[in-house]
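# Fold and geometry: a report
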Amino acid sequence: MEERRWKLITISLIIVLSLNLYAGRKRFQYLEEQIRLINNQMANMEHKLINSINKVNSEINTSLNDLVNYDFDYKNINVNDETVTLIMTFELKQILPNAGYYIVYKAIDDGNSEQSNFLEVRAETAGGTSYTCEMTLSLEYNYQFQIIEKSDDGGIRQLNHDYITNHINDMYLYRVMLHSSSGSENGNYITYGFVINNRTFGESSLEIDKVEVLALSTNNTLLHREDITANNDLDELIKNTPIDSNYSSNSSASFGSSTNRSRILSHYMKDKDFQEQSYYVLISKEDLRENHPDIFKKKKDCLRLINWKLIITLKNGDQIEL
């Protein structure tokens, strides 16, 4: 009897302890959930506070900014001397009646003490609160600019405005770039197209004169070389290239897709100095297998075995490889 009583007590204690543990765990889970919610609320409040601070700072900076807008243009680019005339125009919120406004500029991180000093050029009025000035700059550097105000009484004030830079060196070095490319193949042909961006800075000598494509194997064996300057009508290519509906390829998307065609057929001019032109090459797979049987053998998918290189010749004779 005594033993049975102790068993009942033991069981009761175990049950009570289990219930307490369960209740404690539920309370702990509840506390964890509350802490998580509090942390999320604090994070949201911090995010809103940061956004509010940034918005206030932006509004303050805008209200204090003396500069309404600015723009750059180019002329007289000299490829031999690597110089360009940069035309900077800007508009101010307000001006002093008898003050003069100047652009001070220097090369960015050029490591040359002579070039690192600020140079100064007076801006000419363009009507109202607008001004313009010209500077002859080296194409070897990018530049930063500041606008200063000089009053009749000898006072000099640096106007409050955002950091102004012009990356003329970057634009000149990368004036010809491959914007995009895409290829496809059927049972008989490989087709590959290229969209090239070219910035001329308004100079006809920097326009594209010739485009050559080199098809290379993965070990750099020259497979095909062709002048594709005249190959710039993809509509004509698509119309005259037979489509093999039974052929499946693991190559890049075909020119037949609306997305690629709209991109590759784009003869778009962002501005008068920025040109975009498409070119294509059409290669016989039979010729590839005949001339390079060790590379292509009888593989159905040939496109994935080819690397592409472009050689762009400008009208001034400069050659650029892409």
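Here, the structure is the one placed above.
The structure contained in this document is the topic of the report that follows. (Residues numbered from 1 in each chain as written. Predicted model: local features only at pLDDT ≥ 70, side-chain atom pairs only at ≥ 80, totals over all residues. Heavy atoms only, no water.)

This part is about the nonpolar core. Core analysis: the biggest nonpolar cluster contains 57 residues, and M88, I103, M135, F145 and W308 have the highest contact counts within it. What W308 contacts, discounting residues up to four positions off in sequence, is I190, Y192, F194, V213, L214, A215, V281, I283 and L303. (Core = buried A, V, L, I, M, F, W, Y, C linked by side-chain atoms within 4.5 Å. Buried < 20%, exposed > 50% of the residue type's maximum accessible area, 1.4 Å probe, protein only. Contact = heavy atoms within 4.5 Å.)

Here we come to the pairing of strand β10 (residues 176–185). The pairing of β10 with strand β11 (residues 189–199) spans nine bridges and is classified as antiparallel. Following the sheet pairing, M177 is matched in β11 by N197. Hairpin connection, β10 to β11: the antiparallel pair is bridged by three residues. (Pairing = 2+ DSSP bridges. Helix = DSSP H or I, 4+ residues; strand = E, 2+ residues; numbered from the N terminus.)

Here the focus is the pattern of salt bridges. Within the structure shown, the criterion is met by nine salt bridges. Of the charged contacts, one joins D318 and R175 as a salt bridge, the two residues approaching to 3.2 Å between their closest N and O atoms. With a gap of 143 residues between them, D318 in the loop between β16 (306–314) and β17 (319–321) and R175 in the loop between α3 (168–173) and β10 connect regions that are remote in the sequence. With a shortest N-O distance of 3.3 Å, R225 and E212 are connected by a salt bridge. With R225 in strand β13 (residues 222–227) and E212 in strand β12 (residues 208–217), this pair connects stretches of sequence that are 13 residues apart. Classification of E212 as buried rests on a relative accessible area of 12%. A single network of salt bridges, built from pairs that share partners, joins D66, E149 and R157. (Salt bridge = Lys/Arg side-chain N within 4 Å of Asp/Glu carboxyl O.)

To continue, consider the packing of aromatic side chains. Working definition: an aromatic ring pair is given by the centre-to-centre distance plus the angle between the planes. Within this structure, the stated rule accounts for twelve aromatic pairs. With 5.3 Å between their ring centres and 45° between their planes, Y192 and F194 make a pair best called tilted. Here Y192 matches F194 in class, with each residue buried. Through pairs of rings, three or more aromatic residues link up here, namely Y70, F72, Y105, Y141, Y143 and F145. For the cation-ring pair, K150 lies above Y102, with the distance from its terminal atom to the ring centre recorded as 4.5 Å. Here the basic side chain of R175 rests over the ring of Y172, its NZ or CZ set 4.1 Å away from the ring centre. (Phe/Tyr/Trp six-rings, centres within 6.5 Å; stacked < 30°, edge-to-face > 60°. Lys NZ or Arg CZ within 6 Å of the ring centre and 35° of its normal.)

Here the focus is unusual backbone geometry. For N76, which is not glycine, the phi torsion reads 55° and is therefore positive. Counting through the fold element by element, N76 comes out in strand β1 (residues 67–78). A positive phi is found at N220, a non-glycine position, where the angle reads about 70°. Along the chain, the position of N220 falls in the loop between β12 and β13. The exposure class assigned to N220 is exposed, which follows from its relative accessible area of 58%.

As for its position among the elements, N198 is in strand β11. For N198, a relative accessible area of 1% translates into the label buried. A distance of 3.1 Å separates a polar side-chain atom of N198 from the backbone oxygen of L206. The residues contacting N198, other than those within four sequence positions of it, are R175, V176, L206, E207, I208, D273, F274, Q275 and L314. (Polar contact = N/O pair within 3.5 Å; in protein donor to acceptor, adjacent residues only side chain to side chain.)

Moving on, we come to the sheet that holds β12. One open sheet accounts for four strands, arranged β13-β12-β16-β17; its pairing is antiparallel. At either end of the open sheet lies a strand with only one pairing partner, and these are β13 and β17. On average, each strand axis in the sheet is inclined to that of its neighbour by 20°, with strand direction left out of account. (Axes fitted to C-alpha atoms, helices over the stretch in contact; angles between N-to-C directions.)

One open sheet accounts for four strands, arranged β1-β2-β6-β5; its pairing is antiparallel. Both outer strands of the open sheet, β1 and β5 (124–125), are each paired with one neighbouring strand and no more. Bridge analysis of β5 against strand β6 (residues 130–138) gives two bridges, and the strand direction is antiparallel. Counted as the bridge partner of E124 is T132 from β6.

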